Amino acid sequence: DAEIGLIALQGTEGIDPARIGLLGFSFGGGAAIELAAAHPDAVASLVVWSSVGDYDTDFLQSMGQATFDRAEAEGIVGLDLGWRTIALKQDFFASLATHDILGALATYPGPFLTITGSTDYYAMYSAPMLEAAAGTDKEALVIDGADHIYNVFDPATSSVPQVIGATVARFAGTL
């Protein structure tokens, strides 16, 4: 889907295909990294927010071993996300280990920025992503006290303006 979106964007009137920036959040951060690595000539700048670093490890941490075991035993597992129920097949779980996010990042030569909150589980990937990034224009921003969604539900501590500001500045400077 992301690749189809990139292709469509490149062909959209009014879009300069040499100035496409890519942003991915959470699990979408991994997808953005893989897309940029697969199309380095099409992605002029890459920013990820609270990005996963290893799909297999991260899904296991968020869903638990019992979910993986149930999918393997039954071939499918239903998950209630609170706002939506989804069904994931065993093939989905088996595919997680086929992705190498840090390896993909090591092949993307363009500008890269990763933003995470210090209290987010995925903050552990800030340093490895910075180290893996192939380009010379790379930066990691870890926001002290911020969680996975940058405290969006607490206006007193929200760092959303900082995240958006850093992202806009990054794209303005690299596109």
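Please refer to the structure placed before this passage.
In this text, all values refer to a predicted model and were calculated from it rather than measured experimentally.

Criteria and cut-off values
- All residue numbers here refer to positions counted from 1 along the written sequence of the relevant chain.
- Side-chain atom pairs in this predicted model are given and counted only at pLDDT of 80 or more, local residue features only at pLDDT of at least 70, and totals for whole chains, interfaces and linings cover all residues.
- With hydrogens and water excluded, all non-hydrogen atoms of the structure serve as input to the side-chain values.
- Definition used for salt bridges: Asp or Glu carboxyl oxygen within 4 Å of a side-chain nitrogen of Lys or Arg.
- Under the DSSP-based scheme used, a helix requires at least four consecutive residues in state H or I and a strand at least two consecutive residues in state E, with every element numbered from the N terminus.
- Buried, partly exposed and exposed residues are distinguished by accessible area as a fraction of the type maximum, computed with a 1.4 Å probe on protein chains only: under 20%, between the cut-offs, and over 50%, respectively.
- By this definition, two strands are paired if DSSP reports at least two bridges between them.
- Here an angle of 0 to 180 degrees is reported between the N-to-C directions of two axes, which are lines fitted to C-alpha atoms, with helices fitted over the stretch in contact.
- Whether two residues are in contact is decided by their heavy atoms: any pair within 4.5 Å suffices.
- What makes a nonpolar core is a set of buried Ala, Val, Leu, Ile, Met, Phe, Trp, Tyr and Cys residues whose side-chain atoms join them at distances within 4.5 Å.
- In this scheme, a helix's expected span is set at 1.5 Å multiplied by one less than its residue total.
- Here is the rule for angles: anything less than 35 degrees is roughly parallel, anything more than 145 is roughly antiparallel, 65 through 115 is roughly perpendicular, and the remaining ranges are oblique.
- Each residue gets one of three labels, nonpolar for Ala, Val, Leu, Ile, Met, Phe, Trp, Tyr, Cys and Pro, charged for Asp, Glu, Lys and Arg, and polar for the others, Gly among them.
- A pair of aromatic rings is counted whenever rings of Phe, Tyr or Trp (Trp by its six-membered ring) have centres within 6.5 Å, and the orientation is called stacked for planes under 30 degrees apart, edge-to-face for over 60 and tilted otherwise.
- Distance thresholds for patches are 9 Å for like charges and 5 Å for nonpolar side chains (Val, Leu, Ile, Met, Phe, Trp, Tyr), applied to residues having over 30% relative accessible area and no salt bridge.
- Note that accessible areas follow from Shrake-Rupley with a 1.4 Å probe, and for residues the cover is restricted to the protein chains shown.

Engineer: Help me out: how do you make sense of the pattern of salt bridges in this one?
Structural biologist: Pairing between side chains of opposite charge can happen when the charged atoms of each approach one another. The tally for this structure, following the rule as stated, stands at two salt bridges. One salt bridge connects arginine 70 with glutamate 74, and the closest N-O pair in it is separated by 3.2 Å. In this pair, arginine 70 and glutamate 74 both sit in helix H4 (residues 65-74), four residues apart, roughly one turn of the helix. Among the residues examined, arginine 70 registers a relative accessible area of 40% and is labelled partly exposed.

Engineer: What am I meant to see in the sheet that holds strand E5 (residues 112-117) here?
Structural biologist: Strand pairing in a sheet relies on backbone hydrogen bonds. The paired strands run either parallel or antiparallel. The sheet built from four strands is open, its strands ordered E1-E2-E5-E6 with parallel pairing. Taken across any chain shown, the strands that pair with only one partner, and hence form the sheet edges, are strand E1 (21-25) and strand E6 (138-143). Mean inter-strand twist for the sheet, computed between neighbouring axes without regard to direction, equals 10 degrees. The sheet contact formed by E5 and E6 spans six bridges and is parallel. Residue pairing across strands places leucine 113 opposite glutamate 139, the latter belonging to E6. Sheet strands touched by helix H2 (residues 27-38): E1 and strand E2 (45-49). Its angle to E1, the strand with the most contacts, is close to 150 degrees. Along the sheet, helix H8 (residues 160-174) contacts E1, E2, E5 and E6; its crossing angle with E2, the most-contacted strand, is approximately 170 degrees.

Engineer: What exactly am I supposed to notice about the nonpolar core here?
Structural biologist: Soluble globular proteins: nonpolar side chains tend toward being buried together. Core analysis: the largest hydrophobic core is formed by 32 residues, its most contacted members being Ile33, Leu46 and Leu105. With five residues, H2 is the single largest residue contributor to this core. With residues up to four places along the chain from it excluded, the contact list for isoleucine 33 reads Leu46, Val48, Ser51, Ile101, Ala104, Leu105 and Met129. Among the nonpolar cores identified, the runner-up in size contains nine residues, and Val47, Ile143, Val163 and Phe171 belong to it.

Engineer: What is the right way to look at H2 in this model?
Structural biologist: Structural remark: α-helix, 3.6 residues per turn; residues separated by three or four positions point the same way. Between its terminal C-alpha atoms H2 stretches 17 Å, which fits the 16 Å expected from twelve residues at 1.5 Å a residue. Looking at H2, one finds that the buried residues are Gly29, Gly30, Ala32, Ile33, Leu35, Ala36 and Ala37.

Engineer: Is there a simple way to explain the packing of helix H3 (residues 55-63) against H4 in this structure?
Structural biologist: The description of two helices packed together rests on the angle between their axes and the distance between the axes. Direction vectors running N to C along H3 and H4 enclose 105 degrees, while the axes themselves pass 6 Å from each other. The pairing of H3 with H4 is recorded here as roughly perpendicular in orientation. Mapping the contact onto sequence places Asp56, Phe59, Leu60 and Met63 in H3 and Gln65, Thr67 and Phe68 in H4. Its residues placed into classes, the contact of H3 with H4 shows four nonpolar, two polar and one charged.

Engineer: Looking at this model, I keep getting lost on the packing of aromatic side chains. Mind explaining?
Structural biologist: Two descriptors summarise a pair of aromatic rings, namely the distance from one centre to the other and the angle between the planes of the rings. One pass over the structure, following the stated rule, counts nine aromatic pairs. Each ring, one from phenylalanine 59 and one from phenylalanine 92, has its centre 5.2 Å from the other, and the planes form 80 degrees; the classification is edge-to-face. Remark: phenylalanine 92 occurs in helix H5 (residues 90-95) and phenylalanine 59 occurs in helix H3; sequence separation between them is 33 residues. Residue class for phenylalanine 59 comes out buried when judged on its relative accessible area of 9%. Measuring from centroid to centroid gives 5.3 Å for phenylalanine 92 and phenylalanine 93, while their planes differ by 85 degrees, and the two rings are edge-to-face.

Engineer: Sorry, what's going on with the environment of methionine 124 here?
Structural biologist: Of note, methionine 124 is situated in the loop between E5 and helix H7 (126-132). Residue methionine 124 is classed as partly exposed on the basis of its relative accessible area, which comes to 43%.

Engineer: Is there a simple way to think about a nonpolar patch on the surface in this case?
Structural biologist: A surface patch of nonpolar side chains, about 400 Å² in accessible area, is lined by Phe25, Ile149, Val152 and Phe153. Mapped onto the elements of the fold, valine 152 is located in the loop between E6 and H8. With relative accessibility at 39%, the residue valine 152 sits in the partly exposed group.

Honestly, that's just the spatial picture; any functional story needs more than this.
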